[in-house]
Amino acid sequence: MTRTIRRHPWISGVIAVLVLAGAGLGTYFGVRDDKAAAADATTTVETVNTGTIRQTVSATGTLAPANQEDLNFSVSGQVTKVSVSEGQHVKKGQTLATINSASLSAAVAEAQASVASDQARLDDDNSNSASDTQIAADQAALTAAQNQLDTAQQQLDSATLTSPIDGIVASLNLTVGQSVSGSSSGNNNGNNNGNSGGNGNNNGNNNGGNNSSDNSSNSSSSDPQILVISTSSWIVNASVDANSVGLIKVGNQAQLSVTGVSDTVYGTIASIGLVSSSSSSSGTASYPVVVDVTGTPSGMHDGADVTATLIYKQLSNVLVVPTLALHRDASGTYVEQVKNGKTVHTAVRPGIESGGQTQIVSGLSAGAQIVVPQVRLGNGNRNGNGTNGRNGQFPGGGQFPGGGRFQIPPGGGVFQNGGPGGG
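Notes on the structure follow. (Residues numbered from 1 in each chain as written. Predicted model: local features only at pLDDT ≥ 70, side-chain atom pairs only at ≥ 80, totals over all residues. Heavy atoms only, no water.)

## Looking at the overall build of the chain
Link 1 in the chain: When you go through the chain residue by residue, the secondary structure sums to three helices and 25 strands.
Link 2 in the chain: Looking at the chain residue by residue over its 423 residues, the buried ones come to 34%.
Link 3 in the chain: The long-range share in the chain, meaning contacts at least 24 apart out of those at least 6 apart in sequence, stands at 75%.
Link 4 in the chain: As presented, the chain carries roughly 23,400 Å² of accessible surface, and 48% of it is formed by carbon and sulfur atoms. (Helix = DSSP H or I, 4+ residues; strand = E, 2+ residues; numbered from the N terminus. Buried < 20%, exposed > 50% of the residue type's maximum accessible area, 1.4 Å probe, protein only. Contact = heavy atoms within 4.5 Å. Areas by Shrake-Rupley, 256 points an atom, 1.4 Å probe, with all protein chains shown as cover.)

What follows is the structure in structure tokens.
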């Protein structure tokens, strides 16, 4: 017996719609992906020009005066006068402080008398034709007396502290009535350019600033009695890691960003340390570098933070192109040059690269037009694409016979049917 199978027209309609929808989705998503890829791979045409290209090393450090003087009385006595205060500007040769010099003045007077007496004896013996032996003895005595006078005069002069430079009083550890013991003046003679090997970290700015309240006590042996720093010349005490220190050398130019100074400050490398120190945080060895600041920029102050760009190689007036414009294939490096409206591969020989620019040694000339890719990051939200996790919605909807609906909402497809028999 032959069984007749009833065909439901709405099922055929559903199948047809699903087939068409699948084809439409494939076409739609494929086109959208191609268009999105094309949009992300945009290019521009740029003109090749000459410029300056630099290779640099970055370093951080602090600003310090190039000259500083740690001043101390070299003779003992009691302070009789302090003529300056902290923060005061002083001139070279200006008196800063004095100690009791009565005994020193007496010593000078006594030495002067001895010199006068010995000189008179020598003159008298010369007039009386004394023996050569006597004349020699007189001359020796006069020389010794003159040496004693010079020493006494130096000690008397040392009872007055004067500034050896134009500058500012950075710290003051003296008060009137204070007893001081003679010590070495301890002049750093400024420079702060470091010890042998260019350590450069001898700031010397103790900034003690605490005047002694005990008039009978001696000043601290660690702090200078008066510290004078220059304000017309500056250095930067910086450090460079072991991976970069071999690239730089004394005399290299530097560009400095100084806290509190709006304009770029310039300088040159004055010294590079030979002895490294290790960072406790990273364990990387670093080397001290001292940079002499050029000129007298305004707004500089001791201890300011500095970011230094140390230029170890610089080429001026050379042909440069964006590094993104360079491509490589089996034959070497090339750019896409635009000639007569067409893009052609042009072989080039690149030089040094820095900061997204590359020197072109040969293969191009100024004025050439080249294609430069422009990097754009996709936003990950391409409407209309429902694949690969991208939210989208297939445009339109399908109405099925019998009230059924075909929809593809964001993130997936849902088949709904309100017709006979369910869906």
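## Quick look at the pairing of strand E3 (residues 68–71)
Link 1 in the chain: Burial along E3 is two-sided: Gln 68 and Asp 70 and Glu 69 and Leu 71, pointing in opposite directions, are all buried.
Link 2 in the chain: Sheet topology note: the E3/strand E10 (residues 226–229) ladder contains four bridges and is antiparallel. Its bridge partner being in E10, Leu 71 is matched across the sheet by Ile 226. (Pairing = 2+ DSSP bridges.)

## A word on the sheet that holds strand E6 (residues 95–99)
Link 1 in the chain: Read across the open sheet, the four strands follow the order E7-E6-E4-E9; overall the sheet is antiparallel. For this open sheet the edge positions go to strand E7 (160–162) and strand E9 (179–180), each flanked by a neighbour on one side alone.

## Some words on helix H3 (residues 132–157)
Link 1 in the chain: The terminal C-alpha atoms of H3 lie 37 Å apart, and with 26 residues this matches the ideal 38 Å at 1.5 Å per residue to within 8%.
Link 2 in the chain: Along H3, the positions that sit buried rather than exposed are Ile 135, Asp 138, Leu 142, Ala 145, Leu 149, Ala 152 and Leu 156.
Link 3 in the chain: Residues of H3 that are buried in the fold lie against helix H2 (102–127) and E7. (Expected span 1.5 Å × (residues − 1).)

## A few points about the packing of H2 against H3
Each pair of packed helices can be summarised by the angle the axes make with each other and by the distance between the axes.
Link 1 in the chain: At their nearest, the axes of H2 and H3 sit 8 Å apart, and the two run at 160° to each other. As judged from the angle between their axes, H2 and H3 are roughly antiparallel. Crossing angle aside, the handedness with which H2 passes H3 is left-handed.
Link 2 in the chain: Its residues assigned to classes, the contact of H2 with H3 comprises 13 nonpolar, 11 polar and four charged. (Axes fitted to C-alpha atoms, helices over the stretch in contact; angles between N-to-C directions. Parallel < 35°, antiparallel > 145°, perpendicular 65-115°, else oblique. Left-handed = near helix turned anticlockwise from the far one by under 90°. Nonpolar A, V, L, I, M, F, W, Y, C, P; charged D, E, K, R; others polar.)

## Notes on the side chain of Asp 118
Link 1 in the chain: The topology assignment puts Asp 118 in helix H2.
Link 2 in the chain: The contact partners of Asp 118, leaving out residues within four places of it in the chain, are Ala 141, Leu 142 and Ala 145.

## Quick notes on the environment of His 327
Link 1 in the chain: Position of His 327 among the secondary structure elements: in strand E17 (residues 327–329).
Link 2 in the chain: His 327 gets classed as partly exposed once you look at its relative accessible area, which sits at 22%.
Link 3 in the chain: Spatially, the C-alpha atom of His 327 lies 9.4 Å from that of Ala 347, the residues being 20 residues apart in sequence.
Link 4 in the chain: In this structure, His 327 is in contact with Gly 332, Thr 333, Tyr 334, Val 335, Glu 336 and Pro 373, ignoring residues within four places of it in sequence.

## Comments concerning the sheet that holds strand E8 (residues 167–172)
Link 1 in the chain: In spatial order, the strands read E3-E10-E8-E5; together these four strands make up an open sheet with antiparallel pairing. With one partner strand each, in any of the chains shown, E3 and strand E5 (89–90) form the two edges of the open sheet.

## With respect to the environment of Ala 159
Link 1 in the chain: The residue Ala 159 is located in the loop between H3 and E7 in this model.
Link 2 in the chain: Residue Ala 159 is classed as buried on the basis of its relative accessible area of 2%.
Link 3 in the chain: Distance from Ala 159 to Asn 100, taken between C-alpha atoms, is 7.2 Å for residues 59 residues apart in sequence.
Link 4 in the chain: Among residues more than four places away in sequence, those in contact with Ala 159 are Phe 73, Val 75, Ala 97, Thr 98, Ile 99, Ser 101 and Leu 104.

As far as function goes, none of this settles anything; it's purely spatial.
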